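What follows is each chain in one-letter form.
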Amino acid sequence: MKLIISLLLCLVTLHSPVAAQVTAAERRIVAAVDSESERSVALLERLVNQNSGTLNLPGVEAVAKMTAAEFEPLGFKTKWVPMTATGRAGHLIATHKGNGRGKRLLLIAHLDTVFEPDSPFQRFERQGERAVGPGVGDDKGGIVVILAALRAMKAAGTLKNADIVVVLTGDEERVGQPIDIARRDLIEAGRWADAALEFENLATENGADFGSVARRSSTNWTLKTTGRTGHSSGIFGKSLGYGAGYEIIRILDAFRRELPEPNLTFNVSVMAAGTPATIDEQGLRVTASGKTNIVPEAAIARGDLRTLTVEQDARVRARMQEIVRQHLPGTGASLEFSEGYPPMEPTAGNRALLARLNAVNRDLGLPEMPEFDPARRGAADSSFVARDVDTLAGLGVAGGGAHAEGEWADLGSIQRQAKRAAILMSRLARERRR
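Residues numbered from 1 in each chain as written. Predicted model: local features only at pLDDT ≥ 70, side-chain atom pairs only at ≥ 80, totals over all residues. Heavy atoms only, no water.

A look at the confidence of the model for the protein chain
Mean pLDDT over the protein chain stands at 94; residues scoring 70 or higher make up 95%. Predicted confidence for residues 1-20 stays below pLDDT 50, and this span has seven contacts to residues more than four positions away or in other chains. (pLDDT = per-residue confidence, 0-100. Contact = heavy atoms within 4.5 Å.)

This is the structure we're talking about:
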């Protein structure tokens, strides 16, 4: 009788959607992730309850120390890279040396959040299968997914031979300057790797999960115009011309009318005109004064530019400069772009990684993940490595409300994402490097 029961159990196991497709080691990964679900939630709570707003440098370092303590028992060597030269806390780099034969993997997430210590939104709160808290999804949930996946790989024996570098930046939400220093270590890791996986929020819609093979750039611009000041009765005349106010309006309205195209946005965030008009060093606050009967001598506007490809970025910037140069009489203007996030283009290599992930989905009995529209996502650190290595983004938790009070995460997605990531990494790590 016992033999018959055993045979029946084997038949059920062999014909289940998961067991029919995955290996024995991958079944152990699934079991390990499920068995440690509450441990993952408890870690998420601890990370969220430690404030790590980008400008809270001790708080960011505290989260790095908490996270390092999770990586080290898994066989990773951790290193804290201070970023005092950029005005930021630093980055945590965790390295696992395998056998040197399989594909090298780079995992990307970030330690900081947009919620500084003066924000009223500070604590983790569990609401059934949902958790609310600052950075719970962006991106402390992503860190927890990484660790859950790596713990499962260790339990299944697939981590031992894997060559992995994890880079957790401390300033993703407000990158330090200069960028060549702020992202030096991440870029170097991208050049080392054969595949990069970024663990920011999972893209979802109507209950379906999506894969992110592209992200748009994010660059700030500052527009300044000048004009001849004098009594307003002389505006539009030969002596005064149009003034700085009309010049900046001309330029911004031309942007609105002439630039629009797919995957391009250009927001105007703050602006002012007057005699005088100034902007602070951080580019966040403009001040102006003037009377209604005085033609303004200066105007300032600041905003961002988001593009999908390097070609689009260069072409749109050039067109913006052309528009700026078409001055109204009696005015001048200049447009400057700051350093920012480059685009992560939708390459064939990135799509091949999503195809590999969808193979995992099929084997786990999960729906396949279509490509998510990059125009609906923000920029991320994956963009700094995507020009050097095939990259897949958005492998963190599902949720919503990022960057706002009430940010939340779907706790069940930790397990789903950890299984996907662990099996994908295990398979990639077995493949011979070219």
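Re the side chain of Thr-158
Mapped onto the elements of the fold, Thr-158 is located in the loop between α5 (140-156) and β6 (164-169). Taking the relative accessible area as the measure of exposure, Thr-158 reaches 16% and is therefore buried. Those residues within four positions of Thr-158 in sequence are excluded, and the remaining contacts are Ala-25, Ile-29, Met-153 and Ser-426. (Helix = DSSP H or I, 4+ residues; strand = E, 2+ residues; numbered from the N terminus. Buried < 20%, exposed > 50% of the residue type's maximum accessible area, 1.4 Å probe, protein only.)

Considerations on the sheet that holds β6
The strands that make up a sheet are held in pairs by hydrogen bonds between backbone atoms, and each pair lies either parallel or antiparallel. Spatial strand order, β1-β2-β6-β3-β7-β16: six strands in an open sheet with mixed pairing. Edge positions in the open sheet fall to β1 (77-83) and β16 (391-392), since each of these has one partner strand only. On top of the sheet, helix α4 (residues 57-71) reaches β1, β2 (88-96) and β6; it is set at about 10° to β2, its chief contact. (Pairing = 2+ DSSP bridges. Axes fitted to C-alpha atoms, helices over the stretch in contact; angles between N-to-C directions.)

Some remarks on the packing of aromatic side chains
Scanning the model with the defined rule gives seven aromatic pairs in all. Their ring planes at 70° and their centres at 5.1 Å tell us that Phe-115 and Phe-121 sit as a pair that is edge-to-face. The pair Phe-115 / Phe-121 is uniform in exposure class, with both members buried. Through pairs of rings, three or more aromatic residues link up here, namely Phe-236, Tyr-242 and Tyr-246. Positioned above the aromatic ring of Trp-408 is the side chain of Arg-130, whose terminal nitrogen or guanidinium carbon lies 3.6 Å from the ring centre. For Arg-317, the ring lying beneath its charged end belongs to Phe-337, and the centroid distance is 4.6 Å. (Phe/Tyr/Trp six-rings, centres within 6.5 Å; stacked < 30°, edge-to-face > 60°. Lys NZ or Arg CZ within 6 Å of the ring centre and 35° of its normal.)

Thoughts on unusual backbone geometry
In this structure, Pro-178 follows Gln-177 across a cis peptide bond, with omega equal to 0°. Mapping Pro-178 onto the fold places it in the loop between β6 and α6 (179-182). In this structure, the amide linkage connecting Thr-275 to the following residue, Pro-276, adopts the cis form with an omega of 10°. In this structure, Pro-276 sits in the loop between β11 (265-274) and β12 (277-279). We note that Phe-236 has phi near 80°; this positive angle belongs to a residue other than glycine. Residue placement: Phe-236 occurs in the loop between β10 (219-227) and α8 (243-258). The partly exposed category is assigned to Phe-236, whose relative accessible area is 47%.

What about the packing of α8 against helix α9 (residues 310-324)?
Their axes nearest at 9 Å, the elements α8 and α9 cross at an angle of 145°. Where α8 crosses over α9, the handedness of that crossing is right-handed. Facing α8, whose interface residues are Glu-247, Arg-250, Ile-251, Ala-254, Phe-255 and Glu-258, α9 presents Arg-319, Met-320, Ile-323 and Val-324. (Left-handed = near helix turned anticlockwise from the far one by under 90°.)

Some points on the nonpolar core
Counting residues in each nonpolar core, the largest one holds 69 residues, and the members touching the most others are Leu-150 and Ile-164. Sorting elements by how many residues they give to this core places α5 first, with 11 residues. Excluding anything up to four places from it in sequence, Ile-164 contacts Phe-76, Ala-94, Thr-95, His-96, Leu-105, Leu-107, Leu-150, Met-153, Leu-159 and Trp-192. By size, the runner-up hydrophobic cluster in this structure holds 20 residues, among which are Ile-187, Ala-189, Ala-193 and Ala-196. (Core = buried A, V, L, I, M, F, W, Y, C linked by side-chain atoms within 4.5 Å.)

Side note on the pairing of β6
Burial of β6 is extensive: six of the six residues sit out of reach of the surface. Alternating residues of β6 divide into Ile-164, Val-166 and Leu-168 and Val-165, Val-167 and Thr-169, and every residue in both groups is buried. The sheet contact formed by β2 and β6 spans five bridges and is antiparallel. Looking across to β6, one finds that Ala-94 is bridged to Val-166. Sheet topology note: the strand β3 (residues 105-110)/β6 ladder contains six bridges and is parallel. Residue pairing for β6: Ala-109 is matched across the bridge by Leu-168.

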